[in-house]
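Below are the chains, spelled out letter by letter.
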Amino acid sequence: MKKSKIIEALRAQALADKIKAQMALDLLENQAVGIGDHTVNDFMQDAQEALTLLVDADDKLECIEKYWNK
């Protein structure tokens, strides 16, 4: 089945979200000193948001693969 432009756009957005989440987690994990004045709660909240974004992006990519890459 040929993918439509909307499916291509949704896939591109999910990939961008995945990369954004991975970047955020990498910054929090490996370069936290460059982020500035964060409390432990700020770090945890940022990490949770990035993880949620990553999980959502992976779920979206899996769904697109399942239904549109046959």
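Procedures and definitions
Residues numbered from 1 in each chain as written. Predicted model: local features only at pLDDT ≥ 70, side-chain atom pairs only at ≥ 80, totals over all residues. Heavy atoms only, no water. Helix = DSSP H or I, 4+ residues; strand = E, 2+ residues; numbered from the N terminus. Buried < 20%, exposed > 50% of the residue type's maximum accessible area, 1.4 Å probe, protein only. Contact = heavy atoms within 4.5 Å. Areas by Shrake-Rupley, 256 points an atom, 1.4 Å probe, with all protein chains shown as cover. Phe/Tyr/Trp six-rings, centres within 6.5 Å; stacked < 30°, edge-to-face > 60°. Salt bridge = Lys/Arg side-chain N within 4 Å of Asp/Glu carboxyl O.

**Comments concerning the overall build of the protein**
- A count of helices and strands for the protein gives two helices and zero strands.
- Taken across its 70 residues, the protein has 14% of its residues classed as buried.
- For the protein, restricting intrachain contacts to residue pairs at least 6 apart in sequence, the fraction spanning at least 24 positions comes to 74%.
- Summed over its atoms, the accessible surface of the protein is roughly 5,400 Å², and 58% of this surface lies on carbon and sulfur atoms.

**Examining the packing of aromatic side chains**
- Here the structure, examined in full by the defined rule, presents one aromatic pair.
- Between Y67 and W68, the ring centres sit 6.1 Å apart and the planes meet at 65°, which makes this aromatic pair edge-to-face.
- According to the relative accessible area criterion, W68 is partly exposed, its value standing at 29%.

**Some details on the pattern of salt bridges**
- This model, assessed by the stated rule, comprises two salt bridges.
- Between E8 and K5 there is a salt bridge whose closest N-O contact spans 4.0 Å. Taken together, the positions of E8 and K5, both in helix α1 (residues 5-30) and three residues apart, correspond to about one turn of that helix.
- For K5, a relative accessible area of 66% gives the class exposed.
- A salt bridge links D58 to K18, with the nearest nitrogen and oxygen atoms 3.2 Å apart. Note that D58 is positioned in helix α2 (residues 40-68) and K18 in helix α1, a separation of 40 residues in sequence.
- Judged by relative accessible area, D58 falls into the partly exposed class, the value being 32%.

**Examining the environment of A16**
- In this fold, A16 is placed in helix α1.
- The sequence separation of A16 and A57 amounts to 41 residues, and the corresponding C-alpha distance is 8.4 Å.

**Regarding the environment of K60**
- Structurally, K60 can be placed in helix α2.
- Once the C-alpha coordinates of K60 and L15 are considered, the two residues, 45 residues apart in sequence, prove to be 9.1 Å apart.

Interpretation in functional terms is not warranted from these geometric data alone.
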